[in-house]
Amino acid sequence: MESDTYDALDRQLVHALQLAPRAAFSRLAAVLGVSDQTVARRYGRLRGAGRLRVLGLTDPERLGEVRWQLRVRCTPDSAGPVASALARREDTVWVSLNSGGTEIACSTRMPPDRSDHSLLLQHLPRTPSVLSVAAHCVLHTFFGGAKNLALKSGALSDEQVAALTADAPQVAEPGGPVPQLDAADRRLLAVLALDGRTPVAELAAACGKSESTVRRRLEELVGSGVLYFDLDVDWLIFELHTQTWLWLNVLPAELANAGAALAAHPEVAYACATTGPSNLHAVVITRGVRDLYAYLTTRVAALPGVQQVETAPTIRIVKGPGPLPPRPA
């Protein structure tokens, strides 16, 4: 499937699934103005080609987990194997090869009862081919998680967005009570992490509960903010070819304003405040390097309090926002 085979309907479908990830094909079709069969065929085509996955993921902030952004510098011949090893870990997401293939970037999360930080302080520094490790603790997320770049695409009209979000569940404000997760919940979440559109009957079988109980639990987990849905998307669908990690040094007094402004940029897929010498991190996706240059010299240059900007182009994404998909049998 080449990038020039994608059309407006593909982009509308991606946008629609970000807004209503578990909606029936009939509902999506009614909003998009096509037949149920067309929506099912387009979704199956994109998913089958590995261009689109709907994922049900847990929010680390709601679970009290500590998140880190890692930058791992390796010898050129070892970066690929190290990246692959990181991608196989359950506590990592967004593993990519950056900066000509000698730097690995990834995100990791740790439960609040884990203080050993084994990935950070033991495994990586002991790897002979690892030259250095920089770890930045995530302090605040400005854009990301349940908010996906598809929301900024403009693929759907305001009326279509309203139709898909009219009955969206209300998510509790941060700081509210968080439901305790038991073994059945974890089995449920493990299935959703691989396919957020898994039918309720299959979810019920996986966690050993009735379908009505599973529906109710899904509503509770989403309403509490513990569970959210995201898309793992090939952005070539939107004719976006270049992904770049940005590390910005911003005056502390301007950090909140700069982060909020950055989050509103249509190029920004993720933005957060971190510890370390660079206190604002973002991932931007553009059509190409010319658009990246224009973005850096206009929108980024206009951010308040920015003193320094470092860019790291992504060469290859090894792992996206969820677990690695199972290998074909």
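Everything below is about the structure printed above this text.
Residues numbered from 1 in each chain as written. Predicted model: local features only at pLDDT ≥ 70, side-chain atom pairs only at ≥ 80, totals over all residues. Heavy atoms only, no water.

## A few points about the environment of R88
This is how the line gets drawn: Secondary structure elements follow DSSP: runs of H or I of four or more residues count as helices, runs of E of two or more count as strands, with numbering from the N terminus.
For R88, the position within the fold is in the loop between α4 (79–87) and β3 (92–98). Separated by 235 residues in the primary sequence, R88 and P323 have C-alpha atoms spaced 8.1 Å apart.

## Topic: the sheet that holds strand β2 (residues 66–74)
Applicable threshold: At least two DSSP bridges between two strands are needed for those strands to be called paired. Helix axes are fitted to C-alpha atoms over the stretch in contact, other axes to C-alpha atoms as well, and angles between N-to-C directions run from 0 to 180 degrees.
With respect to topology, eight strands assemble into a closed barrel ordered β2-β4-β3-β10-β7-β9-β8-β5, the strand pairing being antiparallel. Across the sheet, the axes of successive neighbouring strands diverge by a mean angle of 35 degrees, strand direction being ignored. With five bridges joining them, strand β8 (residues 268–274) and strand β9 (residues 280–286) adopt antiparallel strand pairing. Following the sheet pairing, Y270 is matched in β9 by V283.

## As for the pattern of salt bridges
Opposite charge on two side chains lets them pair, provided their charged atoms get close. Put simply, the rule reads: Any Lys or Arg side-chain nitrogen located within 4 Å of an Asp or Glu carboxyl oxygen qualifies as a salt bridge.
The tally for this structure, following the rule as stated, stands at 17 salt bridges. In this structure, R42 engages D10 in a salt bridge whose closest nitrogen and oxygen atoms are separated by 3.0 Å. Linking R42 in helix α3 (residues 36–48) with D10 in helix α1 (residues 8–19), this pair joins segments that are 32 residues apart in sequence. Across the salt bridge formed by D167 and R27, the nearest N and O atoms sit 2.9 Å from each other. One end of the pair, D167, is in the loop between α6 (158–165) and α7 (183–194); the other, R27, is in helix α2 (residues 25–32), and 140 residues separate them in sequence. Connected through shared salt-bridge partners, D7, D10, R42 and R45 make up one network.

Just distances and angles here, no functional claims.
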